[in-house]
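Residue-level listing of the chains:
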Amino acid sequence: MSHEDRGGDYYPMVDDPEDRNFIHAKYPNSTGDMSSGNHTISTFDDNHGIEMLRDDEQSLLHESPVSIPAIHNLDSFLTDVYNYFRGKGFMCIFFNDLFELISSLFVVLFFTFLVCFVDYSKLFSEQMPPPTLRESVNFSASIPIWLMVFLVIFSLYWLSKLFSFFSGIKTNWEISSFFHNTLKINEDDIQTIEWREVVSRIVLVPRLCLVKENMNALDIANRIMRKENYIIGLINQKILNLSIPFPFLRNLTFITKTLEWSLMYSLFNYIFDENGIIKNEFLDPNQRKRLSRGLSRRFMTVGILGLFTTPFIFFFLLINFFFEYAEELKNRPGSLFSREWSPLARWEFRELNELPHYFQNRLNLSYSHANRYVESFPSQMLSTIAKFISFLFGSVLAVFIVMGIVSDHFIMNYQIFDRTPIWYIGILGTIVAITRSLIVDENQVFQPAKHMARTVQNTHYLPMSWVGKTHTHKVRDEFLVLFEFRIVDFVRDIFSVLFTPFILIFSLPKSSQAIIDFFGNNTIVLEGVGPICQLGDFSNIRKLGDNSFGSLNHSKNKISTTNNAKLEKSIINFKCFNPEWNTDDNELIQNLNEFSKIKNNNNHYNGGNNNNNNNHIGNHSPLPATSVDDFQFISDSHYIPHEVIDAVLGTNRYAQQQANNNNNNNAPRFKTGRVDQNILNAVNDLHQSFYESQYRQKNDNFVNSI
């Protein structure tokens, strides 16, 4: 495979005369004046649909130097650029990494101090006067052997992190220079600038990628998520065997940080080369048996090594958990019983080519609605018990507080079963806070379907088995597996250190052949990008899409390679966040756009009159023009103005033409590329309506065939 096909080697941007001559020959206008007289030049590149704005009568990159840091690996460079954007600038990243180093060192040193050098017999003695700090601390005490081994291992780990910290300073300084000098984005602007604006400036940088002169947002996303797209595909198709290989625990499937790190370390270092490109041998079908055996041995090797490090990692996580959440448990005990999406749910929800900050925004918007959905299934028995316990302990707590106000001597010195009242106040306050969080709000209205609709709007996750059954406890129980208590996640993270080696040794090797086949069958070479997961290409809709969701209409292939329309949802999601992405030849976007016109022009369209012209859309039930807040139309309750859809899909000509024909000066005006949360919700609602209409069509066809 050539370098250009691999997308790996790029022109080193060094200040060399021969290189400079080559650059000027290939890009004669790369450093010249982009303005003409006193007029500002504005061009439009049809390849990626980004308008090149010329500020102050010169190119955005007019003052960029000829010599910028050499880019030998464009994937790594773009990833560093994205991490710099996400970290909000050089100083924020510097202090975040520095404090993380100091915090981990402090946790271990402070724990060592508490275990080895504090004389608890004197500290808790009842002698009068009480011992001083100097008398209670003995720095000459010996350190136990087990702790000494732990400290040695931690020291090696911490030194490696320190080395990464210093190397990261150099990298981030170079990226900072790239932002300031080339992209013209300073430290203040990076706090609020959107990633799509950064991308629009990156694609204008000359000589950044010589194998493809005009990169677009999809190319950049595919480079940054070259590896993660494979993991999303593996999770979506349920290829990974992540079950615990113990009796009574085999049905438990989960992902934790430890397991995630072990899995990626085993896969990525085996399948990808040092440049992050998949090795050629994995594309050869004749090598798959051998590679499968090698992957199985690698899983087992990493698992066996994990067995030796398990006690130390478990120990570190335990003390880190104590120091991190002890204060939170004391002051906000109810927070540990709040819910969050599990790591497995995060991988289920994440779309292809969806960058982390976009994904996190979706999850953040879903939490309030997901909590309301769970609260729609109150346990009256538990609420009654919690209310009773809260009343009893709250009454005693109130008496102690009142007596403490009257006499502080009572709070500090009075003995109740050898404990002072201040101790009981802390315990009782924690119990009352926890029990009150379990009491059902009497003003709550039972609307689980409505809250599920709002949740799905942001998570894009609605299995067909849930449709029409969101009010049942069966769906709620399946939902709670994905949306669990924080304390459960913390405990599982700690104890997963014990289970992860056994999953690597016994469970994952069973998936080795399927994993190798997935990488081999789902890898294509994209021009200017190199080998990527074909699910992230977004162009091969007819082969990979699902005809139930608008991707496949005339093809004989009726089998989707993704579950729950992952590919279709990913395309829509990417278009929402990157409206400049050119989708003129994308079949899904065209079908969705046509569906939006039908929906908005004919709310009671029955498919009879227009069936000949729109047979790929299918028969649609009446679509009520109501709000999602109207409970009676919850199954399909979204009327989306076509102007909003056109704004996202880049078809504002239709909206403008309609407005001109109506001669309505008050008609809304939308620019191509305007994106806010309301528009994203509107498109997600429309896409869900499209799904439901296709799903109903499949059921109707089945009934008619009987």
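Residues numbered from 1 in each chain as written. Predicted model: local features only at pLDDT ≥ 70, side-chain atom pairs only at ≥ 80, totals over all residues. Heavy atoms only, no water.

Trainee: Describe the overall build of the protein chain, with residues and values.
Mentor: Each helix and strand counted, the protein chain has 27 helices and six strands in total. Each of the 706 residues in the protein chain was classed as buried or not, and the buried ones make up 48%. Partitioning the intrachain contacts of the protein chain with sequence separation of at least 6 by distance along the chain shows that 72% fall at a separation of at least 24. Of the roughly 36,500 Å² of accessible surface on the protein chain, a fraction of 57% belongs to carbon and sulfur atoms. (Helix = DSSP H or I, 4+ residues; strand = E, 2+ residues; numbered from the N terminus. Buried < 20%, exposed > 50% of the residue type's maximum accessible area, 1.4 Å probe, protein only. Contact = heavy atoms within 4.5 Å. Areas by Shrake-Rupley, 256 points an atom, 1.4 Å probe, with all protein chains shown as cover.)

Trainee: Pulling in residues and values, what's your account of empty space enclosed by the protein?
Mentor: Counted under the stated rule, the structure contains five cavities of 30 Å³ or more. Reported here for the largest cavity is a volume of approximately 100 Å³. Along its surface, the largest cavity is lined by 13 residues, and Asn353, Leu355, Tyr358, Phe574 and Asn578 are the ones closest to its centre. At the level of secondary structure, the elements contributing two or more residues to the lining of the largest cavity comprise α8 (195–202), α9 (217–224) and α23 (566–577). (1 Å grid on protein atoms, 1.4 Å probe; cavity = no way out; pocket = protein on both sides within 12 Å on 5 of 7 lines; lining within 4 Å. Points joined across faces, edges and corners; volume = space filled by probe spheres on them.)

Trainee: Explain the nonpolar core to me, and be specific about the residues and the numbers.
Mentor: Ranked by size, the top nonpolar core spans 86 residues in total, and within it Phe179, Trp195 and Leu267 carry the most contacts. In this structure, Phe359, Phe377, Leu462 and Phe479 belong to the second largest nonpolar core, which totals 19 residues. (Core = buried A, V, L, I, M, F, W, Y, C linked by side-chain atoms within 4.5 Å.)

Trainee: Any details on helix α7 (residues 145–182)? Residues and values, ideally.
Mentor: Counted at 1.5 Å a residue, the expected span for α7 with its 38 residues is 56 Å, and the 55 Å between its end C-alpha atoms agrees. Of the residues trailing α7, Lys184 is marked for its positive phi of about 60°. (Expected span 1.5 Å × (residues − 1).)

Trainee: Account for the side chain of Ser376, with residues named and values stated.
Mentor: For Ser376, the position within the fold is in the loop between α14 (356–375) and α15 (380–406). There is a polar contact of 2.8 Å between the side chain of Ser376 and the backbone oxygen of Arg372. (Polar contact = N/O pair within 3.5 Å; in protein donor to acceptor, adjacent residues only side chain to side chain.)

Trainee: Before we move on, could you go through the packing of aromatic side chains and cite the residues and values that matter?
Mentor: Summed over the entire model, instances satisfying the criterion amount to 48 aromatic pairs. Put simply, the rings of Trp341, Phe349, Tyr367, Tyr373, Phe377, Tyr461, Trp466, Phe479 and Phe483 pair up and form one aromatic cluster. The ring of Phe272 is capped by Lys227, whose NZ or CZ atom sits 5.5 Å from the centre of that ring. One residue, Arg419, lies across the ring of Trp423, its end atom 4.9 Å from the ring centre. (Phe/Tyr/Trp six-rings, centres within 6.5 Å; stacked < 30°, edge-to-face > 60°. Lys NZ or Arg CZ within 6 Å of the ring centre and 35° of its normal.)

Trainee: Any details on the pattern of salt bridges? Residues and values, ideally.
Mentor: For the structure shown, the criterion picks out 15 salt bridges. For Arg290, the salt bridge goes to Glu281, with nearest N and O atoms at 2.8 Å. In this structure Arg290 comes out as partly exposed when scored by relative accessible area, which is 39%. The partner of Arg362 in a salt bridge is Glu354, and the shortest N-O contact between them spans 2.7 Å. Here Arg362 falls in the buried class, since its relative accessible area comes to 5%. Connected through salt bridges with shared partners, the residues Asp75, Arg223 and Arg226 form a single ionic network. (Salt bridge = Lys/Arg side-chain N within 4 Å of Asp/Glu carboxyl O.)

Trainee: Now, about the pairing of strand β5 (residues 523–526): what can you tell me, with residues and values included?
Mentor: Note: β5 against strand β6 (residues 530–533), four bridges, orientation antiparallel. Counterpart to Val525 in the pairing with β6 is Pro531. Counted along the chain from β5 to the antiparallel partner β6, the turn is three residues long, and its residue Gly528 has a positive phi close to 80°. (Pairing = 2+ DSSP bridges.)

Trainee: I'd like a description of the environment of Ser177, backed by residues and values.
Mentor: If you trace the backbone, Ser177 turns up in helix α7. Given a relative accessible area of 30%, Ser177 falls into the partly exposed group. Placed 87 residues apart in sequence, Ser177 and Phe90 show a C-alpha to C-alpha distance of 9.9 Å.

Trainee: Tell me about the side chain of Asn522, and name the residues and values.
Mentor: Along the chain, the position of Asn522 falls in the loop between α21 (512–521) and β5. If near-sequence neighbours (up to four positions away) are discounted, Asn522 is found in contact with Tyr230, Ile532, Cys533, Gln534 and Leu535.

Trainee: Lay out the environment of Thr132 with the relevant residues and their values.
Mentor: Mapped onto the elements of the fold, Thr132 is located in the loop between α5 (120–123) and α6 (133–136). Judged by its relative accessible area of 44%, Thr132 is partly exposed.

Trainee: Before we move on, could you go through a nonpolar patch on the surface and cite the residues and values that matter?
Mentor: Residues Met91, Phe95, Phe99 and Ile102 make up a contiguous nonpolar surface patch of roughly 390 Å² in combined accessible area. Mapped onto the elements, Phe95 comes out in helix α4 (residues 90–116). For Phe95, a relative accessible area of 36% translates into the label partly exposed. (Patch = residues over 30% accessible without salt bridge, like charges linked within 9 Å, V, L, I, M, F, W, Y side chains within 5 Å.)

Trainee: Describe the packing of α15 against helix α17 (residues 421–436), listing the residues and the values that go with them.
Mentor: One can describe the packing of α15 onto α17 by two numbers: an axis separation of 9 Å at closest approach and a directional angle of 150°. Accordingly, the angle class assigned to the pair α15 and α17 is roughly antiparallel. Note that α15 runs across α17; the crossing there is left-handed. Within the contact between the two elements, α15 uses Ala386, Ile389, Ser390, Phe393, Gly394, Val396, Leu397 and Phe400 and α17 uses Pro421, Tyr424, Ile425, Leu428, Gly429, Ile431, Val432, Thr435 and Arg436. When its residues are assigned to classes, the contact of α15 with α17 shows 12 nonpolar, four polar and one charged. (Axes fitted to C-alpha atoms, helices over the stretch in contact; angles between N-to-C directions. Parallel < 35°, antiparallel > 145°, perpendicular 65-115°, else oblique. Left-handed = near helix turned anticlockwise from the far one by under 90°. Nonpolar A, V, L, I, M, F, W, Y, C, P; charged D, E, K, R; others polar.)

Trainee: Go over the packing of helix α11 (residues 257–271) against helix α20 (residues 486–507) with me, naming the residues and quoting the values.
Mentor: At a closest axis distance of 8 Å, the pairing of α11 and α20 adopts a crossing angle of 35°. Across from Lys257, Thr258, Leu259, Ser262 and Ser266 in α11, the residues of α20 making contact are Asp493, Ser496, Val497, Thr500, Ile503 and Leu504. Among the residues making up the contact of α11 with α20, the classes are represented as four nonpolar, five polar and two charged.

Trainee: How would you sum up the environment of Thr301? Please name residues and give values.
Mentor: Looking at where Thr301 falls in the secondary structure, it is placed in helix α12 (residues 288–331). For Thr301, a relative accessible area of 44% puts it in the partly exposed group. Note: C-alpha distance between Thr301 and Pro501 (200 residues apart in sequence) is 9.4 Å. Only 2.8 Å separates the side chain of Thr301 from the backbone oxygen of Arg297, close enough to count as a polar contact.

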